Amino acid sequence: QWIFLDGEFVKKEDAKISVYDHGFLYGDGVFEGIRVYNGNIYKLDEHLLRLYHSAKSIMLDIPQSKEDMTEIIRQTLQKNKLEDAYIRLVVSRGVGNLGLDPASCANPSIIVIAEELAIYPKEFYEHGLEIVTVATRRNRPDVLSPKVKSLNYLNNILVKMEASLAGVSEALMLNDQGYVAEGSADNIFIIRNGVLMTPPGYIGALEGITRQAILEMAEDMGYDVREEAFTRHDVYTAEEVFLTGTAAEVIAVVKVDGRVIGNGQPGEETNRLLRAFRQKVVEDGVK
Ligand code: PLP
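Residues numbered from 1 in each chain as written. Predicted model: local features only at pLDDT ≥ 70, side-chain atom pairs only at ≥ 80, totals over all residues. Heavy atoms only, no water.

## Looking at the overall build of the protein
Move 1: In terms of regular secondary structure, the protein is built from eight helices and 16 strands.
Move 2: Each principal axis of the C-alpha distribution contributes one length, and for the protein these read about 55 × 40 × 30 Å.
Move 3: When each of the 287 residues of the protein is scored for burial, the buried share is 51%.
Move 4: Summarising the internal contacts of the protein: among those between residues at least 6 apart in sequence, 69% fall at separations of at least 24.
Move 5: About 13800 Å² of surface is accessible on the protein, with carbon and sulfur atoms providing 51% of the total.
Move 6: Each charge class in the protein was averaged separately, 31 positive and 43 negative side chains, and the resulting centres sit 2 Å apart. (Helix = DSSP H or I, 4+ residues; strand = E, 2+ residues; numbered from the N terminus. Buried < 20%, exposed > 50% of the residue type's maximum accessible area, 1.4 Å probe, protein only. Contact = heavy atoms within 4.5 Å. Areas by Shrake-Rupley, 256 points an atom, 1.4 Å probe, with all protein chains shown as cover. Lys, Arg positive; Asp, Glu negative; His and termini not counted. Charge placed at Lys NZ, Arg CZ, Asp CG, Glu CD.)

Next comes the structure, spelled out in structure tokens:
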């Protein structure tokens, strides 16, 4: 496996970064997780836009243009001979001294990892997930915008650990006011009284690429779609609940904090949306 690291391809075993990289020292950097379906890079433009916006927000200048970055990703896929893959694109502040000030970091580090897809276990899709609400809250939009997909994922890691401690694989994260925000690395949707809802950006979720794709697709399919704030009560009393993300695609949730959702099986509409999503992914990618 070949990794793109600062301008060259190196073997996985040799792909190492400096201990002085501020991405390592402080989580100072941004990243994307991108999926490749049958050689098509899914929603690449949207991912690059989010990456460059995240970088701009934290005043990190990415020297490469989006076109350069596209080429780097393509080359990484070619080099690894991958058709169905998961790509991790990382831009860190780069190597500096031990001080916090990024002024000591001359160049950002650019890393592209392309891997064979680690598909979620089939049971997750067949039986759905059980999730619990955790204590860790989404960071407030006025502190560091949740729209920034930064390398600082401590909150999300704590969410994942809290879920594991509770014996489940995913969690429900609330914002500081107690509204439902998202999962550890997935957006959340509910269908309640026939309306498909997901929390709006200001609640504090990441603006997921899959979330946006589902919103548009569902609208086209005739669903009543709303971006609206909701609470745990609305989740408990929903007909269907599901999570969306690049790796997970669309995955049903069948139990939340001990409350069974619907009949305890992945919902019909959830399955319908997953099928439609999988049909559409190949069309929406770029070679
Ligand atoms: N929320 C968080 C915190 C994430 O890290 C991710 C994954 O990227 C998502 C949601 C889902 O976003 P996407 O659909 O772009 O993968």
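## Focus on the site of the ligand
Move 1: Around the ligand sit 16 residues, and of these K149, Y153, E182, T210 and T246 come closest.
Move 2: Interatomic distance of 2.8 Å between a backbone N/O atom of I209 and an oxygen atom of the ligand.
Move 3: Relative to its unbound accessible surface of 380 Å², the ligand loses 96% to contact with the protein.
Move 4: Taken together, the residues that form the shell around the ligand break down as four nonpolar, seven polar and five charged. (Near = heavy atom within 4 Å. Polar contact = N/O pair within 3.5 Å; in protein donor to acceptor, adjacent residues only side chain to side chain. Nonpolar A, V, L, I, M, F, W, Y, C, P; charged D, E, K, R; others polar.)

## Focus: the packing of aromatic side chains
Move 1: With the rule as written, the count across this model stands at six aromatic pairs.
Move 2: Ring centres 5.8 Å apart and planes at 80° place the aromatic pair Y42 and F277 in the edge-to-face group. With Y42 in strand β4 (residues 40-42) and F277 in helix α8 (residues 268-280), this pair connects stretches of sequence that are 235 residues apart.
Move 3: You can call Y42 buried: its relative accessible area is 5%.
Move 4: Given the relative accessible area of 3%, F277 is considered buried.
Move 5: Note that K79 overlies the ring of W2, its terminal NZ or CZ placed 4.4 Å from the centroid.
Move 6: Above the ring of Y236, the side-chain terminus of R259 is found at 3.9 Å from the ring centroid. (Phe/Tyr/Trp six-rings, centres within 6.5 Å; stacked < 30°, edge-to-face > 60°. Lys NZ or Arg CZ within 6 Å of the ring centre and 35° of its normal.)

## Here we look at the side chain of T244
Move 1: When you line up the elements, T244 lands in strand β13 (residues 240-245).
Move 2: Residue classification places T244 among the buried positions, given a relative accessible area of 1%.

## Section: the environment of G39
Move 1: Relative to the elements of secondary structure, G39 occurs in the loop between β3 (29-37) and β4.
Move 2: In this structure the C-alpha to C-alpha distance between G39 and E216, which are 177 residues apart in sequence, comes to 23 Å.

## Examining the domain arrangement of the protein
Note: interface size is frequently given as the accessible area lost on complex formation between the parts.
Move 1: Taken domain by domain, the protein comprises domain 1 (2-116) and domain 2 (122-282).
Move 2: Measuring from the centre of the C-alpha atoms in domain 1 to the corresponding centre in domain 2 gives 26 Å.
Move 3: The largest per-residue losses of area from domain 1 upon contact with domain 2 belong to F31, Y42 and R50, which jointly make up 34% of the total buried on that side.
Move 4: For the pair domain 1 and domain 2, the interface holds one salt bridge.
Move 5: One salt bridge in this structure joins R35 and E249, with 3.6 Å as the shortest N-O distance.
Move 6: Counting the contacts that link domain 1 with domain 2 gives nine residue pairs in polar contact (both at pLDDT 80 or more).
Move 7: For the side of domain 1 that touches domain 2, the elements supplying multiple residues, two or more each, are α1 (22-26), β3, β4, α2 (44-57) and β5 (85-92).
Move 8: With eight residues, the single largest contributor to the side of domain 1 that touches domain 2 is β3. (Domains from an automatic or database assignment. Buried area = accessible area lost by both parts, 1.4 Å probe. Salt bridge = Lys/Arg side-chain N within 4 Å of Asp/Glu carboxyl O.)

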